[in-house]
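Structure assessment
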Amino acid sequence: MSYLATVYKVMIACPSDVKEEEQTARKIIYKWNGLHSEREKIALLPISWKTDTAPEMGAPPQEIVDKRILEKADLLVGIFLHRLGTPTLDAQSGTAHEIDSHINSGKPAMIYFLKENIDPTKFDRQQYDKLTAFKENLKNKGVLHECNRRDFENNFLEHLTITINNDEYIQSEKVELKVTNLGDYDDTDEITIGDEAKKLLIEASKDKHGSIMKIRNSGGTFILISSKNMVPSQEARIVAKWEYALNELIENGFVEDRSYKGEVFVVTHKGYKYADKINNK
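Each chain has its residues counted from 1, running along the sequence as written. Under the rules for a predicted model, residues below a pLDDT of 70 receive no local features and side-chain atom pairs below 80 are neither given nor counted, while totals for whole chains, interfaces and linings still include all residues. Neither water nor hydrogens contribute to the side-chain values; these are computed over all heavy atoms in the structure.

Observations concerning the overall build of the protein chain
Each helix is a run of H or I in the DSSP string that is no shorter than four residues. Each strand is a run of E no shorter than two, and both are numbered from the N terminus. A count of helices and strands for the protein chain gives 10 helices and 10 strands. Throughout this description, buried means an accessible area under 20% of the type-specific maximum (1.4 Å probe, protein chains only), exposed means over 50%, and partly exposed covers the range between. Split into buried and exposed, the 281 residues of the protein chain put 41% on the buried side. Should any heavy atoms of two residues lie within 4.5 Å, those residues are counted as being in contact. Sequence separation of 24 or more characterises 68% of the internal contacts of the protein chain that already satisfy a separation of 6 or more. Here, Shrake-Rupley sampling with a 1.4 Å probe gives the accessible areas, and only protein chains in the shown set may cover a residue. Surface summary for the protein chain: the accessible area is close to 16700 Å², and the carbon and sulfur share equals 48%.

Listed below in structure tokens is the structure:
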């Protein structure tokens with residue numbers, strides 16, 4: 001069954017040595033949706049530059065990523081293992097730039113530094129030293145999480161739930177979705193008709209048969225309600241105005257043609273409701 005929900009974009013920012021964890025993060029986000037989305041009326045949409053950008057020229061790559069992805073993200077998930085990433089024009093790496101920019105915007109960020117038992121000679125020491133310095137700098141900006149690589153999946157699911165439930169930005173952006181009680185819905189609220197049409201409808205609603213007759217003969221055009229002609233003059237301009245008024249009632253469903261010849265009309269339930277609304281005003 002369908003339901004209404006507020007959608008938050010979750011940007012996954014990470015260097016190339018954590019491709020496995022990037023996919024794990026997407027899997028966990030979808031799992032969170034399956035467990036909580038319908039109840040919380042929140043849906044999480046994972047995004048990243050790898051999957052949500054198209055070829056584009058005219059600006060530096062990071063500027064394009066910022067415009068197309070980063071600026072639209074509500075929550076950022078940063079994941080690191082041994083590398084900080086590839087340098088950009090104004091930052092040590094694209095991932096570092098994205099994290100700093102996102103944090104400075106006041107939006108929530110979840111940053112993970114993974115550990116595993118591996119020979120240090122197997123990875124780029126320069127990259128690892130830059131990553132260590134970046135981690136120390138981030139510690140001054142908030143809480144980051146360090147865990148064994150094998151524990152990332154369970155940790156992330158738990159932390160994601162805590163963040164969604166408690167973060168001020170997430171909760172403040174959540175749209176209060178109200179379901180309209182169709183039994184109380186008035187389908188005439190957005191309708192406006194002219195003064196002549198209102199007069200026809202009010203008079204017809206007072207008639208015991210709720211009927212309007214339109215007659216054309218050699219004497220002219222007549223719109224009759226309870227034997228009273230509502231057209232005050234046979235001047236062409238005046239006749240056109242009152243015919244237009246009758247058409248307004250027809251088009252809005254306030255009267256229906258019972259003769260199927262455009263001669264006898266009766267007020268509908270919708271028409272009586274609108275007439276009552278006019279009278280109450």
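Considerations on the environment of Met-110
As for its placement among the helices and strands, Met-110 is situated in strand β4 (residues 109-115). Separated by 35 residues in sequence, Met-110 and Leu-75 have C-alpha atoms that sit 7.8 Å apart. Ignoring anything within four residues of it in the chain, the contact list for Met-110 reads Leu-75, Leu-76, Val-77, Gly-78, Phe-156, His-159, Leu-160 and Thr-163.

Considerations on the sheet that holds strand β8 (residues 228-229)
Read across the sheet, five strands follow the order β8-β7-β6-β10-β9 without closing on themselves; strand pairing throughout is antiparallel. Where the open sheet ends on each side, the last strands, each with one partner, are β8 and β9 (255-257). We treat two strands as partners when DSSP finds at least two bridges between them. Judged from the three bridges that link them, strand β6 (residues 211-217) and strand β10 (residues 264-267) form a sheet pairing that is antiparallel. What sits directly across from Met-213, in β10, is Val-264.

What to know about the sheet that holds strand β5 (residues 145-148)
Across the sheet, which stays open at both edges, the five strands sit in the order β2-β1-β3-β4-β5 with parallel pairing between neighbours. Looking at strand neighbours, the two that pair on one side only are β2 (42-47) and β5, the edges of this open sheet. Strand-to-strand twist across the sheet, computed as the mean angle between neighbouring axes with direction ignored, equals 25 degrees. Pairing of β4 with β5 involves four bridges; the strand directions are parallel. Looking across to β5, one finds that Leu-114 is bridged to Cys-147. Lines fitted to C-alpha atoms define the axes, with helix axes restricted to the stretch in contact, and inter-axis angles between N-to-C directions lie between 0 and 180 degrees. The sheet contacts of helix α1 (residues 19-40) involve β1 (6-13), β2, β3 (75-80) and β4, and relative to β2 the element is tilted by about 165 degrees. Seen against the sheet, helix α6 (residues 152-166) touches β2, β3, β4 and β5 and runs at an angle of roughly 165 degrees to β4.

Observations concerning the nonpolar core
Here, nonpolar core refers to any group of buried Ala, Val, Leu, Ile, Met, Phe, Trp, Tyr and Cys residues whose side-chain atoms link them within 4.5 Å. Within the largest apolar cluster, 26 residues are counted, with the highest numbers of intra-cluster contacts made by Leu-44, Ile-79, Leu-114, Phe-152, Phe-156, Leu-160 and Ile-164. Every element with two or more residues in this core is listed here: β1, α1, β2, β3, β4, α6 and α7 (168-173). The biggest single contributor to this core is α6, with five residues. Apart from residues no more than four positions distant in its own chain, Leu-160 is found in contact with Ile-28, Ile-29, Trp-32, Leu-44, Leu-75 and Met-110. Listed in part, the 24 residues of the second largest apolar core include Leu-200, Ile-223, Trp-242 and Val-267.

Considering the pattern of salt bridges
By definition here, a salt bridge exists when the distance from a side-chain nitrogen of Lys or Arg to a carboxyl oxygen of Asp or Glu is within 4 Å. According to the stated counting rule, one finds 12 salt bridges in the structure shown. With a shortest N-O distance of 3.2 Å, Lys-135 and Glu-146 are connected by a salt bridge. Remark: Glu-146 occurs in strand β5 and Lys-135 occurs in helix α5 (residues 125-138); sequence separation between them is 11 residues. By relative accessible area, which is 16% here, Lys-135 ends up buried. On the basis of relative accessible area, Glu-146 is assigned to the partly exposed category, the value being 35%.

Observations concerning the packing of helix α8 (residues 195-206) against helix α10 (residues 269-280)
Packing of α8 against α10 leaves a shortest axis separation of 9 Å and a crossing angle of 105 degrees. With respect to α10, the axis of α8 lies roughly perpendicular. Across the interface between the two elements, Lys-198, Leu-201, Ile-202 and Ser-205 from α8 touch Gly-271, Tyr-272, Tyr-274, Ala-275, Ile-278 and Asn-279 from α10. These descriptions rest on fixed angle ranges, namely under 35 degrees for roughly parallel, over 145 for roughly antiparallel, 65 to 115 for roughly perpendicular, and the rest for oblique.

Some words on the pairing of β4
On a regular strand, one side chain projects to one face of the sheet and the next to the other, so that they alternate. Across the seven residues of β4, five count as buried, placing the element largely inside the fold. Viewed with both strands pointing away, a crossover whose connecting path from the first strand over the helix to the second turns clockwise is right-handed. Each parallel crossover has a hand, and for β3 linked through helix α4 (residues 94-104) to β4 it is right-handed.

Description of the side chain of Glu-243
Here Glu-243 lies in helix α9 (residues 236-251). When sequence neighbours within four positions are dropped, the list of residues in contact with Glu-243 reads Lys-214, Arg-216, Thr-221 and Ile-223.

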